[in-house]
Amino acid sequence: MSCFALRRGKCSILDVKKCEGSDCNFYKTEAQVKKERKKVFGRIKTLDRHIQIHISETYYGGKMPWLKGGINNEC
Ligand code: SF4
């Protein structure tokens, strides 16, 4: 299985010349990313509203994807 970050043969998250494959410390499958995202969004949903707004503004451009079922509705 390929890493979620591999795009057209290049890593989209690290500044590396060549993908290190499953030996890379950042290697994750798309399924792992979806599972982790679902867990994170579940946790964020339990936080106070003002904290959710802070997270939304800081990391998600003002959006709250955890309220819609995930980024691109993947979760
Ligand atoms: S395995 Fe590592 S280098 Fe390769 S795409 Fe994933 S994060 Fe990037």
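Residues numbered from 1 in each chain as written. Predicted model: local features only at pLDDT ≥ 70, side-chain atom pairs only at ≥ 80, totals over all residues. Heavy atoms only, no water.

## Let's talk about the environment of R43
Then comes step 1: Considering the arrangement of structural elements, one finds R43 in helix α1 (residues 30–45).
Then comes step 2: For R43, a relative accessible area of 53% translates into the label exposed.
Then comes step 3: As a C-alpha pair, R43 and V33 span 10 residues in sequence and 15 Å in three-dimensional space. (Helix = DSSP H or I, 4+ residues; strand = E, 2+ residues; numbered from the N terminus. Buried < 20%, exposed > 50% of the residue type's maximum accessible area, 1.4 Å probe, protein only.)

## Re the site of the ligand
Then comes step 1: In the region of the ligand, 13 residues are neighbours, and C3, C11, C19, G21 and C24 sit closest.
Then comes step 2: For the shell around the ligand, the residue count by class is 11 nonpolar, 1 polar and 1 charged. (Near = heavy atom within 4 Å. Nonpolar A, V, L, I, M, F, W, Y, C, P; charged D, E, K, R; others polar.)

## Structural notes on the nonpolar core
Then comes step 1: F41, I44, I55, M64 and W66 form the largest nonpolar core, which has 5 residues in total.
Then comes step 2: Filtering out sequence-adjacent residues up to four positions away, I44 remains in contact with Q52, I55 and W66. (Core = buried A, V, L, I, M, F, W, Y, C linked by side-chain atoms within 4.5 Å. Contact = heavy atoms within 4.5 Å.)

## Notes on the confidence of the model for the protein
Then comes step 1: Across the protein, pLDDT averages 90, with 91% of residues at or above 70.
Then comes step 2: Ignoring residues within four places in sequence, the model shows residues 70–75, a span with pLDDT below 50, making 16 contacts including any to other chains. (pLDDT = per-residue confidence, 0-100.)

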